[in-house]
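Listed below are the residues making up each chain.
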Amino acid sequence: MRLIEDTFAGPGGWDEGLRVLGITEHVVGYEWDDAACRTAHAAGHVRVRTDVTTLHPPAAWGRISSPPCTKFSTAGSGVGLRALDTLAAGIRTIFDGHDPATVIEQTRGAVYPTCLSYRTDVNAKRDPGRMWNTERVELAARMDAFTTALVLEPARLMIQAPSMWIALEQVPAVLPLWKVYAECLRPLGYSVWVGILNSADYGVPQTRRRAILTAHRE
């Protein structure tokens, strides 16, 4: 059985693409958001609603991952962009053989001060009657750090359950991290391509630029 595992699967973008290729069996998507899962189910895709950080799947033939982009997008907070070096170091450390769970937890801790600074600045601009208390600001910053570090989850899964091929997607600003993944995957025998693709160049009536990584052992 050629299992394809799609993490942070959303409502079905990658799976729709697989359907166009005629691949509909043994594709399993993992997603936390309930609405996204229900949309995927309605479209005929398999979804398991779960926290990807707790996922310990079997080895897969193909592995797809699109970690959340909100901390890297200009439309979001952008705190991930201030922590690219820290995140890159975490990816390399995982591929160097260190315990992924420990590395990810340490990375969250390293990113937290950046997230706290951002949340503190945002809070200071609120009207006095709408300002958050310290506990709420700190909680939001910890959630930001958690979400930012999700970009390391593909590395954890690649190490724990290797696959024949890999496809990653994110907003263009994450391209430097995909290049780090490429740097780590090539010594493991993968042929890797990394770059920016625009959906408008492939017949889709929408300008949607994304950083893409594709890798294959053969």
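Structure's up top.
Let me sum up the structure you'll find in this document.

For the coordinates displayed, the defined rule picks out ten salt bridges. For arginine 38, the salt bridge goes to aspartate 34, with nearest N and O atoms at 2.9 Å. Residue arginine 38 and its partner aspartate 34 are both found in helix H2 (residues 34–42); the two are separated by four residues, about one turn of the helix. Judged by its relative accessible area of 52%, arginine 38 is exposed. Taking the shortest distance from any N to any O, the salt bridge between arginine 210 and glutamate 169 comes out at 3.1 Å. Residue arginine 210 is located in strand E7 (residues 209–216), and its partner glutamate 169 is located in strand E5 (residues 163–170); the two are separated by 41 residues in the primary sequence. A single burial state applies to arginine 210 and to glutamate 169, both of which are buried. Salt bridges linked by common partners bring Lys71, Arg119 and Asp144 together as one network.

Their axes nearest at 8 Å, the elements helix H4 (residues 100–124) and helix H5 (residues 134–148) cross at an angle of 130°. It follows that H4 is oblique to H5 by the angle criterion. Crossing angle aside, the handedness with which H4 passes H5 is right-handed. Within the contact between the two elements, H4 uses Arg108, Val111, Tyr112, Cys115, Leu116, Tyr118, Arg119, Thr120 and Asn123 and H5 uses Val137, Glu138, Ala140, Ala141, Arg142, Asp144, Ala145, Phe146 and Thr148. Its residues placed into classes, the contact of H4 with H5 shows ten nonpolar, three polar and five charged.

Before going further, it helps to examine the sheet that holds strand E1 (residues 4–7). The strands making up a sheet associate through backbone hydrogen bonding, with each pair oriented either parallel or antiparallel. Within the open sheet, the seven strands sit side by side as E3-E2-E1-E4-E5-E7-E6. Their pairing is mixed. The open sheet has two edge strands, strand E3 (46–49) and strand E6 (191–198), and neither has a second partner. Each neighbouring strand pair of the sheet contributes to a mean axis angle of 15°, computed without reference to strand direction. Here four bridges tie strand E2 (residues 27–31) to E3, and the two strands are oriented parallel to one another. Across the sheet, the residue bridging to glutamate 31 is arginine 49, located in E3. Where H2 meets the sheet, it contacts E2 and E3, and its direction lies at approximately 160° from that of E3.

For the rest of this paragraph, the subject is the nonpolar core. If you look at the biggest cluster of nonpolar residues, it comprises 39 residues, and the most contacted ones within it are Leu177, Trp178, Tyr181, Leu185 and Leu213. Of all the secondary structure elements, the ones that give two or more residues to this core are helix H3 (84–95), H4, H5, helix H6 (153–160), E5, helix H7 (175–185) and E7. No other element matches H7, which puts eight residues into this core. Those residues in contact with leucine 185 that lie beyond four places of it in its chain are Phe95, Met158, Ile166, Tyr190, Val192, Leu213 and Ala215. Core analysis: the second largest hydrophobic core is formed by nine residues, Phe8, Tyr30, Val52 and Leu55 among them.

So, how was this worked out
- Residues numbered from 1 in each chain as written.
- Predicted model: local features only at pLDDT ≥ 70, side-chain atom pairs only at ≥ 80, totals over all residues.
- Heavy atoms only, no water.
- Salt bridge = Lys/Arg side-chain N within 4 Å of Asp/Glu carboxyl O.
- Helix = DSSP H or I, 4+ residues; strand = E, 2+ residues; numbered from the N terminus.
- Buried < 20%, exposed > 50% of the residue type's maximum accessible area, 1.4 Å probe, protein only.
- Axes fitted to C-alpha atoms, helices over the stretch in contact; angles between N-to-C directions.
- Parallel < 35°, antiparallel > 145°, perpendicular 65-115°, else oblique.
- Left-handed = near helix turned anticlockwise from the far one by under 90°.
- Contact = heavy atoms within 4.5 Å.
- Nonpolar A, V, L, I, M, F, W, Y, C, P; charged D, E, K, R; others polar.
- Pairing = 2+ DSSP bridges.
- Core = buried A, V, L, I, M, F, W, Y, C linked by side-chain atoms within 4.5 Å.

Keep in mind these values describe shape, not function.
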